[in-house]
Amino acid sequence: MEANQVTGRFNYNDDLHEYRLDGKLMDHVTGVLTSVGIIDLNQIPEGRLETARSRGSRLHRATLLDDMGELDDRGLSEDLVGGLASWRKFRRDSNLQILEAEQVIYNEQLWIAGTYDRIMRDSKGQKCLIEIKPPVVPPYTGLQLAWYELVLGNSYFRRFGVGLRPDGKPNVVPFTDRNDRNIVLGALATARWKRENL
């Protein structure tokens, strides 16, 4: 994923975490879920939160480079070694084939956007949406994955969160509740109502 992507009418700015179509801001999953209180990071001290964000970004980048065969393990910082080992174990044990990685997507009709981590395929040909989390998979991960399904046009996927633990053992959490889409659409409507009325 490039830090800033401009494709015709669509623009993504990674530094600002903004998705724009025709210059107008689009809703994204983290913003919506934070707006309605499903994601609440206020109790985490700012310094600790920034450290966790930085580590998460670096670990995401390492997994992507590893998947592309471009990672130089010799340059890997010590705090990422266990998480990368978790990802490799997940890849080896799950036997899933990567179809796409770190793609910025949008849905003009719903006016929503996002960036999914991986779309993979299992041995039966079923597509899987994967959300990488270092190291814990929070419950709202299922909502994030449902959001990506909606952005992709209501496709149904097997959905998994993969927690990349420092001990090298991935925490794989399946999300099977199809009501997640309704919750996401309700959160989206609530966030938009709050923005327009409060």
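See the structure shown above.
These remarks concern the structure in this document. (Residues numbered from 1 in each chain as written. Predicted model: local features only at pLDDT ≥ 70, side-chain atom pairs only at ≥ 80, totals over all residues. Heavy atoms only, no water.)

Another aspect to go through is helix α4 (residues 141-151). Burial analysis of α4 places 11 of its 11 residues in the buried class, which makes it a mostly covered element. Among the residues making up α4, those that are buried are Thr 141, Gly 142, Leu 143, Gln 144, Leu 145, Ala 146, Trp 147, Tyr 148, Glu 149, Leu 150 and Val 151. One or two positions beyond α4, positive phi appears at Gly 153, with a value near 95°. (Buried < 20%, exposed > 50% of the residue type's maximum accessible area, 1.4 Å probe, protein only. Helix = DSSP H or I, 4+ residues; strand = E, 2+ residues; numbered from the N terminus.)

Within the secondary structure layout, Arg 159 lies in strand β9 (residues 158-163). When its relative accessible area of 2% is taken as the criterion, Arg 159 is described as buried. Among the polar contacts listed, one links the side chain of Arg 159 to the backbone oxygen of Asp 177, at a separation of 3.0 Å. A distance of 3.1 Å separates the side chain of Arg 159 from the side chain of Asp 180, its partner in a polar contact. (Polar contact = N/O pair within 3.5 Å; in protein donor to acceptor, adjacent residues only side chain to side chain.)

Right, let's talk about the environment of Val 151 for a bit. With respect to the helices and strands, the residue Val 151 is situated in helix α4. In sequence terms Val 151 and His 28 are 123 residues apart; their C-alpha atoms lie 9.9 Å from each other.

What follows covers the pairing of strand β2 (residues 10-13). Alternating positions in β2 separate cleanly, Phe 10 and Tyr 12 being buried on one face and Asn 11 and Asn 13 remaining unburied on the opposite face. For β2 and strand β3 (residues 18-21), the ladder comprises 4 bridges, and the chain directions are antiparallel. Within β3, the position partnered with Tyr 12 by the bridge is Tyr 19. In textbook terms, the turn of a hairpin is the stretch between consecutive antiparallel strands, and for β2 and β3 this stretch comprises 4 residues, one of which, His 17, has a positive phi near 50°. (Pairing = 2+ DSSP bridges.)

Attention now moves to unusual backbone geometry. Of the consecutive residues Pro 134 and Pro 135, the connecting peptide bond is found in the cis state with omega at -10°. Here Pro 135 lies in the loop between β8 (127-133) and α4. The residue Asp 22 is not glycine, and still its phi comes out positive at about 55°. Locating Asp 22 in the fold gives a position in the loop between β3 and β4 (24-25). Its relative accessible area of 44% is what places Asp 22 among the partly exposed residues. Phi is positive for Asn 95, which is not a glycine, with a value near 60°. Position of Asn 95 among the secondary structure elements: in the loop between α3 (78-94) and β6 (97-107).

Turning our attention to the packing of aromatic side chains. For the coordinates displayed, the defined rule picks out 4 aromatic pairs. Both rings, one in Trp 87 and one in Phe 90, keep their centres 5.3 Å apart while their planes meet at 35°; by these two values the pair is tilted. One end of the pair is Trp 87 and the other is Phe 90, both in helix α3 and 3 residues apart, which spans about a single turn. Put simply, the rings of Phe 10, Tyr 12, Tyr 19 and Tyr 106 touch in pairs and so form one group of aromatic residues. (Phe/Tyr/Trp six-rings, centres within 6.5 Å; stacked < 30°, edge-to-face > 60°.)

What follows covers helix α2 (residues 46-67). Spanning 22 residues, α2 covers 31 Å between terminal C-alpha atoms, matching the ideal 32 Å at 1.5 Å per step. Taken as a whole, α2 has its buried residues at Leu 49, Arg 55, Gly 56, Leu 59, His 60, Ala 62, Thr 63, Leu 64 and Leu 65. Where α2 terminates, the next one or two residues include Gly 69, which has phi positive at roughly 75°. (Expected span 1.5 Å × (residues − 1).)

So, about the pattern of salt bridges. Considering all chains together, one arrives at 21 salt bridges under this definition. Note that Asp 72 is salt-bridged to Arg 74, the shortest N-O span being 2.9 Å. The class for Asp 72 is partly exposed, based on a relative accessible area of 39%. Given the relative accessible area of 75%, Arg 74 is considered exposed. We note a salt bridge from Lys 89 to Asp 93, for which the minimum N-O separation is 2.7 Å. Here Lys 89 pairs with Asp 93, and both are found in helix α3, just 4 residues apart, close to one helical turn. Relative accessible area serves as the criterion here: at 29%, Lys 89 is assigned to the partly exposed category. Shared partners join several salt bridges into a network, and the residues in it are Glu 149, Arg 159, Arg 178, Asp 180 and Arg 181. (Salt bridge = Lys/Arg side-chain N within 4 Å of Asp/Glu carboxyl O.)

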